Amino acid sequence: MLGYGEEEIGDRFKEWESRLHPEDRDRALEAFRDYLGGKRAIFELEHRLRHKDGSYRWILSRGVAVWDEEGKPSGWRARMWT
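Residues numbered from 1 in each chain as written. Predicted model: local features only at pLDDT ≥ 70, side-chain atom pairs only at ≥ 80, totals over all residues. Heavy atoms only, no water.

K.L.:
Give me the lowdown on the nonpolar core, citing residues and values where you can.
P.N.:
Core analysis: the biggest nonpolar cluster contains 13 residues, and Trp16, Leu20, Ala28, Phe43, Leu45 and Leu49 have the highest contact counts within it. Sorting the residues of this core by element identifies helix H2 (25-36), strand S1 (43-50) and strand S2 (56-67) as the ones contributing at least two each. Ranked by the residues each element gives to this core, the list is headed by H2, at five residues. (Core = buried A, V, L, I, M, F, W, Y, C linked by side-chain atoms within 4.5 Å. Buried < 20%, exposed > 50% of the residue type's maximum accessible area, 1.4 Å probe, protein only. Helix = DSSP H or I, 4+ residues; strand = E, 2+ residues; numbered from the N terminus.)

What follows is the structure, given as structure tokens:
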């Protein structure tokens, strides 16, 4: 979807955040904070992510956090579509 092989791209939050389009960044991070803060049942967002070739692609992301015993997010289950 973004032109990277599995070995070229990580699955950490910073990877996603670093590829956000500048015009979508604040809205995307707010949606993520709202989800983690319990204001949304699932994370769902249409936004642009930077492709390996430098262009931006529209993505629909949906996901849910995996919570540990202490109630902290410990992972993420997500799907993205173009």
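Anyway, onward from the coordinates.
K.L.:
For the layout of surface pockets, give the residues involved together with the corresponding values.
P.N.:
Taken as a whole, the largest pocket spans an internal volume of roughly 910 Å³. Lining the largest pocket are 29 residues; nearest its centre among them are Gly10, Asp11, Arg12, Trp16 and Trp76. Mapped onto the lining of the largest pocket, the elements with two or more residues apiece are helix H1 (13-18), H2, S1, S2 and strand S3 (73-81). For the lining of the largest pocket, the leading source of residues is S3, giving eight residues. For the lining of the largest pocket, the per-class residue count stands at 15 nonpolar, six polar and eight charged. (1 Å grid on protein atoms, 1.4 Å probe; cavity = no way out; pocket = protein on both sides within 12 Å on 5 of 7 lines; lining within 4 Å. Points joined across faces, edges and corners; volume = space filled by probe spheres on them. Nonpolar A, V, L, I, M, F, W, Y, C, P; charged D, E, K, R; others polar.)

K.L.:
Give me the lowdown on the environment of Arg57, citing residues and values where you can.
P.N.:
Structurally, Arg57 is set in strand S2. Each residue touching Arg57, except ones within four places of it in the same chain, is listed here: Met1, His47, Arg48, Leu49 and His51. (Contact = heavy atoms within 4.5 Å.)

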